[in-house]
Amino acid sequence: MSIDRSGEYWTGTGAGDLDEYLRELTADGYPADRIVHARCGCGHDRFELLVDANEGCAQRACSSCGRKHFICDSEEYWSDADPEETACPCGGTAFEIAVGFSHRADASVKWITVGQRCTKCGVLGAAVDWKVDYGPTEQLYDQV
Ligand SMILES: [Zn+2]
Ligand SMILES: [Zn+2]
């Protein structure tokens, strides 16, 4: 695993690079101090990713079995959303996905950032992020 910062886009060689990427990306805003990787119930870890960056919600669809899953609390906002499929600059639409969580002083989740790595070319990105304004929030870690 390593991040290549030399090109127009940062690229990673493996899903593990999403940890470092999300930490650096959020460092100046709401620093993510817990990273959870998405994995389908079938065991697969590559997904298509639908997001509404304005509404702040995301859904992933497994590239292997097709199962769809709302990332964290996204289902609550989905009916108002206008989701678009995330595409890499290379045109790829299969990603490894991880969520970075930043927390309040009381350890509840304050901010969610969804990061993705293109499995075709390795480009790293963060398609959507949103605020969490309720509690408790422990369940969110299991809903990535
Ligand atoms: Zn699956
Ligand atoms: Zn790509």
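To keep things clear, this report deals only with the structure shown in the data block. (Residues numbered from 1 in each chain as written. Chains lettered and ligands numbered in written order. Predicted model: local features only at pLDDT ≥ 70, side-chain atom pairs only at ≥ 80, totals over all residues.)

## Digging into the overall build of the chain
Right, so step 1: When you go through the chain residue by residue, the secondary structure sums to 2 helices and 10 strands.
Right, so step 2: When the helices and strands of the chain are placed in sequence order, the string is β-β-α-β-β-β-β-α-β-β-β-β.
Right, so step 3: In terms of C-alpha radius of gyration, the chain reaches 14 Å, essentially the compact-globule figure of 15 Å for 144 residues.
Right, so step 4: The dimensions of the chain, computed from C-alpha atoms along their principal axes, are 40 × 35 × 30 Å.
Right, so step 5: Counting every position in the chain, which comprises 144 residues, the buried fraction comes to 33%.
Right, so step 6: For the chain, the share of sequence-separated contacts (at least 6 apart) that also reach a separation of at least 24 residues comes to 55%. (Helix = DSSP H or I, 4+ residues; strand = E, 2+ residues; numbered from the N terminus. Rg over C-alpha atoms; globule rule 2.2 N^0.38 Å. Buried ≥ 20, exposed ≤ 12 C-beta atoms within 10 Å, placed from the backbone. Contact = placed C-beta atoms within 7 Å.)

## Details of the nonpolar core
Right, so step 1: With 31 residues, the main nonpolar core has Leu-49, Ala-58, Ile-97, Ala-98, Val-99, Ile-112 and Val-114 as its most contacted residues.
Right, so step 2: Of all the secondary structure elements, the ones that give two or more residues to this core are helix 1 (17–26), strand 4 (47–52), strand 5 (57–62), strand 8 (95–103), strand 9 (109–118) and strand 10 (124–131).
Right, so step 3: Among the elements that make up this core, the one with the highest residue count is strand 8 (5 residues).
Right, so step 4: Ile-112 has contacts with Cys-72, Val-99, Phe-101, Asp-129, Trp-130 and Val-132, leaving out every residue within four places of it along the chain. (Core = buried A, V, L, I, M, F, W, Y, C linked by C-beta atoms within 7 Å.)

## Looking at the pairing of strand 8
Right, so step 1: Within strand 8, 8 of the 9 residues are buried, leaving the element largely enclosed by the surrounding structure.
Right, so step 2: The pairing of strand 3 (residues 34–37) with strand 8 spans 4 bridges and is antiparallel. The residue bridging Arg-34 from the neighbouring strand is Phe-101, located in strand 8.
Right, so step 3: Pairing between strand 8 and strand 9: 9 bridges, direction antiparallel. Note on strand 9: the bridge partner recorded for Gly-100 is Thr-113.
Right, so step 4: Hairpin geometry of strand 8 and strand 9 is characterised by an intervening segment of 5 residues between the two adjacent antiparallel strands and by a positive phi of about 80° at Ala-107. (Pairing = 2+ DSSP bridges.)

## Structural notes on unusual backbone geometry
Right, so step 1: Backbone torsion omega between Gly-135 and Pro-136 reads -5°, so that peptide bond is classified as cis.
Right, so step 2: Note that Pro-136 resides in the segment after strand 10.
Right, so step 3: At Cys-72, a residue that is not glycine, the phi angle is positive and equals roughly 55°.
Right, so step 4: At Ala-107, a residue that is not glycine, the phi angle is positive and equals roughly 80°.
Right, so step 5: In this structure, Ala-107 sits in the loop between strand 8 and strand 9.

## Section: the pairing of strand 9
Right, so step 1: Most of strand 9 is tucked away: 8 of the 10 residues are buried.
Right, so step 2: Bridging between strand 9 and strand 10 involves 7 bridges; their strand directions are antiparallel. Opposite Arg-117, over in strand 10, you have Leu-124 as the bridge partner.
Right, so step 3: Linkage of strand 9 to strand 10, two consecutive antiparallel strands, is achieved through a turn of 5 residues, within which Gly-122 is found at a positive phi near 90°.

## Structural notes on helix 1
Right, so step 1: When helix 1 is considered as a whole, its buried residues turn out to be Asp-17, Leu-18, Tyr-21, Leu-22, Leu-25 and Thr-26. Take helix 1 and look down its axis: the buried residues cluster within an arc of 140°, on one side only.
Right, so step 2: For helix 1, the elements touching its buried residues are strand 1 (3–4), strand 2 (11–12), strand 3, strand 8, strand 9 and strand 10. (Arc of directions from axis to C-beta.)

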